[in-house]
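The residues making up each chain are set out below.
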Amino acid sequence: MGDEQKEIVRITAFWIDQWIRRHYQGIERRYIVHDAAAREVPEDLFYRLRESGGTKISSAYKLCAKLIEEHYPPSEWNIYAFHFSDGDNWEEDDEDAFEVLAEKLLPKVNLFGYGQVYSHWGTGRFLYDLADEFESEFDNLRLTDIRSKDDILDAIRDLLGKRPEQPRLIQRPRRRL
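These lines cover the structure that appears in this document, whether it is placed above or below. (Residues numbered from 1 in each chain as written. Predicted model: local features only at pLDDT ≥ 70, side-chain atom pairs only at ≥ 80, totals over all residues. Heavy atoms only, no water.)

## Quick word on the overall build of the protein chain
Consideration 1: A tally of regular secondary structure across the protein chain gives six helices and five strands.
Consideration 2: Across the protein chain, every contact between residues at least 6 apart in sequence was considered, and the portion connecting residues at least 24 apart equals 70%.
Consideration 3: Total accessible area on the protein chain stands at roughly 10,800 Å², and carbon and sulfur atoms take up 47% of it. (Helix = DSSP H or I, 4+ residues; strand = E, 2+ residues; numbered from the N terminus. Contact = heavy atoms within 4.5 Å. Areas by Shrake-Rupley, 256 points an atom, 1.4 Å probe, with all protein chains shown as cover.)

Below, the structure written as structure tokens:
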């Protein structure tokens, strides 16, 4: 993601963090960056890093699942996980990412939010593939499409608000011919 997308993520994450802090005590936050591989980094580095070399979302989901397994038993923690991306992923990695999400993350977290930030460089397919695969199956999965800074408030509502009877339709990009 470029600087503009990272700024959108930073602002969105700040307000989500404020909401969580208002409702819970003893919060621990972890930051995972990924391209072809994932690693945990401090918050200040998270917003400054520039990853490159292809995207393998499953690597971040596997690391998140490992952190939960090792440090955050769901019986003792309220777990809120948020993933922001430009939607780029190696197509052959989608099934691995979906498997980790369905088997190791969604059963353990109170809420898993995925926010896709519009990018001129990314393909932006992961959000739509997630919606097709899971949106009606898991009540604790929230998805949102963030096209610009003007969409941040709606994104926060999508991620933290009560799940509506009819989820907000995710607008799929038109395919170029």
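## Re the sheet that holds strand E3 (residues 80–85)
Consideration 1: If you trace the three strands from one edge of the open sheet to the other, you get E3-E4-E5, paired in parallel fashion. On the outer flanks of this sheet lie E3 and strand E5 (141–146), each paired with one strand and no other. Strand after strand, the sheet turns through a mean of 15° between neighbouring axes, direction not considered.
Consideration 2: As paired strands, E3 and strand E4 (residues 111–117) are joined by six bridges and run parallel to one another. What sits directly across from alanine 81, in E4, is phenylalanine 112.
Consideration 3: Running at roughly 165° to E3, helix H1 (residues 3–23) makes contact with E3, E4 and E5 of the sheet.
Consideration 4: Along the sheet, helix H3 (residues 57–71) makes contact with E3 and E4, crossing E3 at roughly 165°. (Pairing = 2+ DSSP bridges. Axes fitted to C-alpha atoms, helices over the stretch in contact; angles between N-to-C directions.)

## Things to note about the pairing of E5
Consideration 1: Counted residue by residue, E5 has six buried out of six residues, so it is predominantly covered.
Consideration 2: In E5, alternate side chains face the same way, and those of Leu141, Leu143 and Asp145 on one face and Arg142, Thr144 and Ile146 on the other are all buried.
Consideration 3: When E4 meets E5, the two strands line up parallel, connected through six bridges. The partner of phenylalanine 112 across the bridge, within E5, is leucine 141. (Buried < 20%, exposed > 50% of the residue type's maximum accessible area, 1.4 Å probe, protein only.)

## Here we look at H3
Consideration 1: Taking 1.5 Å of rise per residue, the 15 residues of H3 would be expected to cover 21 Å, and the 21 Å separating its terminal C-alpha atoms lies within 8% of that figure.
Consideration 2: Inspection of H3 places Ile57, Ser58, Ser59, Ala60, Tyr61, Leu63, Cys64, Ala65, Leu67 and Ile68 among the buried residues, and these make up the whole buried set.
Consideration 3: Looking at the buried residues of H3, the elements they touch are strand E1 (31–34), strand E2 (38–41), E3, helix H4 (94–105), E4 and helix H5 (126–134). (Expected span 1.5 Å × (residues − 1).)

## A closer look at a negative patch on the surface
Consideration 1: On the surface, a cluster of negative charge is contributed by Glu95, Asp96, Glu99, Glu103, Glu133 and Glu137.
Consideration 2: Broken down by element, the residue count for the negative patch peaks at four residues, all from H4.
Consideration 3: Summarising the element assignment, glutamate 103 is placed in helix H4.
Consideration 4: Taking relative accessible area as the criterion, glutamate 103 reaches 53% and is therefore assigned exposed. (Patch = residues over 30% accessible without salt bridge, like charges linked within 9 Å, V, L, I, M, F, W, Y side chains within 5 Å. Salt bridge = Lys/Arg side-chain N within 4 Å of Asp/Glu carboxyl O. Lys, Arg positive; Asp, Glu negative; His and termini not counted. Charge placed at Lys NZ, Arg CZ, Asp CG, Glu CD.)

## Things to note about the side chain of glutamine 116
Consideration 1: For glutamine 116, the position within the fold is in strand E4.
Consideration 2: Classification of glutamine 116 by relative accessible area gives buried; the value is 3%.
Consideration 3: A distance of 3.0 Å separates a polar atom in the side chain of glutamine 116 from a polar atom in the side chain of tyrosine 114.
Consideration 4: When sequence neighbours within four positions are dropped, the list of residues in contact with glutamine 116 reads Ser85, Asp86, Gly87, Gly124, Arg125, Phe126, Leu127, Tyr128, Thr144, Asp145 and Ile146. (Polar contact = N/O pair within 3.5 Å; in protein donor to acceptor, adjacent residues only side chain to side chain.)

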